[in-house]
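Structural overview
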Amino acid sequence: MLNGWIDLRSDTVTHPTPAMREAMARAEVGDDVFGEDPTVRRLEEAAAGRMGKEAALFMASGTMANLVSLLTHCGRGDEVIVGDLAHTFLSEVGGMAALGGIHPRPIPNQPDGTLRLEDIEAAIRSEDIHHPRTRLIALENTHNRCMGAALPPEYMARVRALADRYGLKVHVDGARIFNAAVALGVPAAALARDADTVTFCLSKGLCASVGSLICGPADFIREARRVRKMVGGGMRQAGVLAAAGLVALETMVDRLAEDHRRARRLAEGLAEIPGIRIEAHRVQTNIVIFELDPRVPLTDEAFLQALEAQRVKILRWGPRRFRAVTHYWIDDTDIDRALRAIATAIPNMR
Ligand SMILES: *Cc1c(COP(=O)(O)O)cnc(C)c1O
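Given the structure is predicted, the values throughout are model-derived calculations rather than measurements. (Residues numbered from 1 in each chain as written. Predicted model: local features only at pLDDT ≥ 70, side-chain atom pairs only at ≥ 80, totals over all residues. Heavy atoms only, no water.)

Let us now look at the domain arrangement of the chain. Per the domain assignment, the segments making up the chain are domain 1 (17-251) and domain 2 (255-345). Taken over C-alpha atoms, the centre of domain 1 sits 29 Å from the centre of domain 2. Of the residues lining the interface, 20 residues belong to domain 1; the matching set on domain 2 comes to 18 residues. Counting each side, the surface lost to burial between domain 1 and domain 2 is near 1,700 Å², with a carbon and sulfur contribution of 59%. Per-residue buried area on domain 1 facing domain 2 is highest for Arg145, Met147 and Asn179; these three make up 38% of the total on that side. Where domain 1 packs against domain 2, one counts 0 salt bridges. When residues in the side of domain 1 that touches domain 2 are grouped by element, the largest group, 5 residues, is from helix H8 (residues 177-184). (Domains from an automatic or database assignment. Contact = heavy atoms within 4.5 Å. Buried area = accessible area lost by both parts, 1.4 Å probe. Salt bridge = Lys/Arg side-chain N within 4 Å of Asp/Glu carboxyl O. Helix = DSSP H or I, 4+ residues; strand = E, 2+ residues; numbered from the N terminus.)

Right, here's the structure in full:
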């Protein structure tokens with residue numbers, strides 16, 4: 001519960017924890033553009049360590065972290081192979097094309113969030129005066145639009161082998177990579193190992209207010225630091241933000257298992273409500289996507305309003321489609337109440 005609401009729209013609605021506010025108030029700071037903020041440096045070192053990479057860079061958002069990563073990997077006219085349901089392709093304002101002249105080559109995301117290796121290979125450009133140059137394969141883990149699916153290390157290894165055969169780089173939008181790691185029971189570094197670069201968000205399930213990191217090789221991060229400055233992302237006493245990020249990394253990762261358990265409970269409860277369609281077995285992490293049966297005599301808007309009247313918020317995720325995301329501020333009672341609110345909102349169907 002947050003301010004009297006059961007807010008399941010996203011894990012981005014999470015407020016910082018009391019421990020984070022404490023750490024923010026006490027944070028040692030400096031001018032980070034001069035490289036003088038000790039708290040930002042500690043966060044960058046901790047993030048690189050968690051991902052098993054040489055270096056990391058603190059960013060204002062996940063969108064900016066992906067943009068700066070792509071701008072650093074690719075030049076104008078280069079092509080990125082990306083899933084057609086990827087956040088980077090669908091929900092980042094076309095930044096790669098608008099700001100980088102980078103050409104996205106979308107190929108189908110499978111229901112488990114992966115791209116088929118055959119599809120990737122078929123999309124790789126041959127040396128031809130007509131073609132853009134394929135530079136990068138971009139993956140997403142967990143996959144938001146694929147019900148929070150986690151991509152396992154074995155899949156990453158196969159993509160790496162393919163990328164190496166063609167001299168390509170691999171980037172992972174790991175906005176929720178810690179959810180994937182916890183769900184699969186592996187360290188996040190095992191999911192990052194076969195990627196050149198990985199981004200992750202502090203501001204989602206990990207509960208910090210602001211911030212994402214890019215992790216990768218030291219020379220890449222040096223260049224990305226210049227690109228970050230170019231897009232106006234150089235921050236000054238950012239240690240007040242990084243301090244919450246350190247608390248997030250140290251204390252908020254293992255507990256994601258609770259969010260996953262609650263998401264499964266929510267999905268199983270939804271499956272029992274007449275008028276709801278859901279593939280409950282697909283819920284692996286904290287994202288639950290479900291549909292309203294076309295026969296339910298309610299518009300999508302009326303359904304959302306009926307829930308809001310009961311202090312429950314979910315997100316419309318397309319026609320007849322909705323998303324609910326569990327997080328730190330949702331407990332077992334909230335799940336029961338949300339299920340009751342949804343059952344109550346749907347008129348009896350006979
Ligand atoms: C939220 C999200 C992002 C972007 O993060 P912002 O901090 O909201 O810009 C990128 N990728 C995925 C998969 C996300 O869910």
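The rest of the description comes next.
Let us look at the sheet that holds strand E8 (residues 212-216). Ordered by their spatial adjacency, 7 strands build an open sheet running E2-E8-E7-E6-E5-E3-E4, and the pairing between neighbours is mixed. Two strands lie at the open edges of the sheet, namely strand E2 (55-59) and strand E4 (103-107), each paired on one side alone. Geometrically, the sheet is characterised by an average inter-axis angle of 20 degrees between neighbouring strands, direction not taken into account. Two elements, strand E5 (residues 133-140) and strand E6 (residues 169-173), share 5 bridges in a ladder whose sense is parallel. Bridged to leucine 136 within E6 is lysine 169. The strands that helix H7 (residues 153-166) touches are E5 and E6; relative to E6, the one it contacts most, it runs at about 150 degrees. (Pairing = 2+ DSSP bridges. Axes fitted to C-alpha atoms, helices over the stretch in contact; angles between N-to-C directions.)

The next thing to look at is the layout of surface pockets. Roughly 240 Å³ of internal volume is contained in the largest pocket. What lines the largest pocket is a set of 13 residues, and nearest its centre among them are Arg125, Glu127, Pro132, Arg133 and Thr134. The volume enclosed by the second largest pocket comes to roughly 170 Å³. Lining the second largest pocket we find Arg145, Cys146, Met147, Arg277, Ile278, Glu279, Arg282, Ile289, Phe290, Glu291 and Arg321. (1 Å grid on protein atoms, 1.4 Å probe; cavity = no way out; pocket = protein on both sides within 12 Å on 5 of 7 lines; lining within 4 Å. Points joined across faces, edges and corners; volume = space filled by probe spheres on them.)

Soluble, globular proteins show a tendency: their nonpolar side chains are buried together. Formed by 54 residues in total, the largest nonpolar core has its most connected members in Ile120, Leu139, Phe178, Phe200 and Leu202. Per-element accounting of this core gives the leading share, 6 residues, to helix H11 (residues 239-251). Excluding anything up to four places from it in sequence, leucine 202 contacts Leu43, Phe58, Cys207, Ala208, Val210, Gly211, Ser212, Leu213, Gly245, Ala248 and Leu249. Counting 35 residues, the second-largest nonpolar core is a separate cluster that includes Leu292, Phe303, Leu304 and Ile342. (Core = buried A, V, L, I, M, F, W, Y, C linked by side-chain atoms within 4.5 Å. Buried < 20%, exposed > 50% of the residue type's maximum accessible area, 1.4 Å probe, protein only.)

What follows covers the state of the cysteines. Taken as a whole and judged by the stated rule, the model has 0 disulfides. We note that cysteine 207 lacks a disulfide partner, and the nearest cysteine sulfur, in cysteine 201, lies 13 Å from it. Residue classification places cysteine 207 among the buried residues on the basis of a relative accessible area of 0%. Here cysteine 215 stays free of any disulfide, with the sulfur of cysteine 201 as its closest cysteine sulfur at 11 Å. (Disulfide = S-S within 2.5 Å.)

Take the environment of arginine 76 next. With respect to the helices and strands, the residue arginine 76 is situated in the loop between helix H3 (62-73) and strand E3 (78-83). Sequence spacing of arginine 76 and alanine 97 is 21 residues, and the spatial spacing of their C-alpha atoms is 8.6 Å. Setting aside chain neighbours within four positions, we find arginine 76 in contact with Leu99, Gly100 and Gly101.

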